[in-house]
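Notes for the structure review
Single-letter residue listing:
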Amino acid sequence: MKKIFFAILCAGAVISCAKDEVITAEKEAITFENAFVDNATKAAYDGSYNNSGNFTEFQVYATISGTGTGEGSANIFNGERVVKGVSLGQGVNWSYATANTQYWIPGNDYQFRAIADGNVPSVTEVVTDAYGMATAINLLDASAQKDILTAQHDVSNYTKPQSGTPAPVAFTFAHVLSKAKFTVKNTISTDNGYSYKVTNLVINDLAKNGVYTITDGATGTWAATATPEVYDLSFGDVTVEGKADEATATVADIKFNASAESNFDRLLIPGTQTLNITFSYGLYKDEVLIDTQDKEITAAVELDAAKAYNFVISLGNPGDAIQFDVHTVTDWVKDHAGNNPGINM
């Protein structure tokens, strides 16, 4: 075992308005649409949200603020569930989970923040201010492997469109956790029949809880909690490509100059982390197991939110090369008399 290398592998709606147009409340309903998960770093076999169908619900926090003298701010949504495919008359694809329609009021400012997996009991909780706006997310149990997404959409001085109904509030969601996987490479110097099988990849003593403070734009910063906890995060085995779950996965036989990935990708709390990585490997010679080892690596890394990391473990020559030398060549042994034996005919 030599080294470990690390490779680091929303939208605002423009509203055309006419201030002098009189509208009714029914046509002013606030709707939600076009929810999109920014998932450019998606990898296989993980639990993170993506656009292929597993993102079906989020919660909205919103305020309305008057812009005139003496006008203030009020809450209009405080964790409102917005669900895909539910038709309550608001939006084509996304609607309130309950009949709690709110309205666009001309001349007012609006701020919307959306969070996915924000209020999961015992896993996450959302902190709100006096106006019901989400200000932070307390991640209580990162071991649950729940993806967390945030988005923001602001509307200043809302005015009614010249025709049609107001545009839905369009969110582009971003991940606030980091994601990681492992790749193991066989870097033995020559193709001489040796291969590796790696199992039970674990990062030990990872941060289990943290606080994500949201700032304008739905970006934010992570900090440790006052009472930090740790847990061990399993990445499973290094498996044959194309096996979609642990039950059907086959441990990969990593031959000369080849590589294979861990069976799972995992979500981590961003920030400075000291990774204590343990795993086991079997060394094979011509398909015969000849050695087993348990290994441990410690490395400090800086993890950024919304980035996916590939931790590459290079397994090189399994030991010192066997070498040969000529110490001496013995002389020929003569007969006991020191003479060449005669040949009698």
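Residues numbered from 1 in each chain as written. Predicted model: local features only at pLDDT ≥ 70, side-chain atom pairs only at ≥ 80, totals over all residues. Heavy atoms only, no water.

1. Brief notes about the sheet that holds strand S12 (residues 194-207)
Hydrogen bonding along the main chain pairs the strands of a sheet, whether they run parallel or antiparallel. With antiparallel pairing, the four strands of this open sheet are ordered in space as S15-S12-S19-S20. Taken across any chain shown, the strands that pair with only one partner, and hence form the sheet edges, are strand S15 (230-236) and strand S20 (288-303). Sheet twist, expressed as the average angle between the axes of neighbouring strands with direction ignored, equals 20°. Pairing geometry for S12 and strand S19 (residues 271-285), over nine bridges, is antiparallel. Across the sheet, residue Val198 finds its bridge partner in S19, namely Tyr281. (Pairing = 2+ DSSP bridges. Helix = DSSP H or I, 4+ residues; strand = E, 2+ residues; numbered from the N terminus. Axes fitted to C-alpha atoms, helices over the stretch in contact; angles between N-to-C directions.)

2. Let's talk about the sheet that holds strand S8 (residues 134-139)
Spatial ordering of the open sheet is given by S7-S8-S13-S14, a layout of four strands whose pairing is antiparallel. One side of each edge strand has no neighbouring strand; the edge strands of this open sheet are strand S7 (124-128) and strand S14 (220-224). The sheet shows a mean angle of 20° between the axes of neighbouring strands, taken without regard to direction. One ladder, built from five bridges, connects S7 with S8; its direction is antiparallel. Each residue of the ladder has a partner; that of Val127, found in S8, is Ala136.

3. Observations regarding the side chain of Asn310
With respect to the helices and strands, Asn310 occurs in strand S21 (residues 308-315). A distance of 2.9 Å separates polar atoms of two side chains, one belonging to Asn310 and the other to Thr183. (Polar contact = N/O pair within 3.5 Å; in protein donor to acceptor, adjacent residues only side chain to side chain.)

4. Focus on the pattern of salt bridges
Summed over all chains, the structure comprises seven salt bridges. The partner of Lys181 in a salt bridge is Glu261, with the nearest N and O atoms 2.9 Å apart. One end of the pair, Lys181, is in strand S11 (residues 178-186); the other, Glu261, is in strand S17 (residues 259-262), with 80 residues separating them in the sequence. For Lys181, a relative accessible area of 12% corresponds to the buried category. We classify Glu261 as partly exposed; its relative accessible area is 38%. For Glu287, the salt bridge goes to Lys255, with nearest N and O atoms at 2.6 Å. Here Lys255 lies in the loop between strand S16 (238-239) and S17 and Glu287 lies in the loop between S19 and S20, a separation of 32 residues in the sequence. With relative accessibility at 53%, the residue Glu287 sits in the exposed group. The exposure class assigned to Lys255 is partly exposed, which follows from its relative accessible area of 38%. (Salt bridge = Lys/Arg side-chain N within 4 Å of Asp/Glu carboxyl O. Buried < 20%, exposed > 50% of the residue type's maximum accessible area, 1.4 Å probe, protein only.)

5. Let's talk about the pairing of strand S4 (residues 73-84)
Note on strand geometry: in a regular strand, side chains alternate between the two faces of the sheet. Pairing of strand S3 (residues 57-65) with S4, which is carried by nine bridges, proceeds in the antiparallel orientation. Paired with Glu57 across the bridge in S4 is Val83. Relative to strand S5 (residues 94-96), S4 is paired through three bridges, and the arrangement is antiparallel. Among the inter-strand pairings, Val83 is bridged to a residue of S5, identified as Ser95.

6. Quick word on the nonpolar core
Leu201 and Phe279 are the most contacted members of the largest nonpolar core, which totals 47 residues. Judged by nonpolar contacts, the second largest core, of 23 residues, contains Ala62, Ile64, Val82 and Phe171. (Core = buried A, V, L, I, M, F, W, Y, C linked by side-chain atoms within 4.5 Å.)

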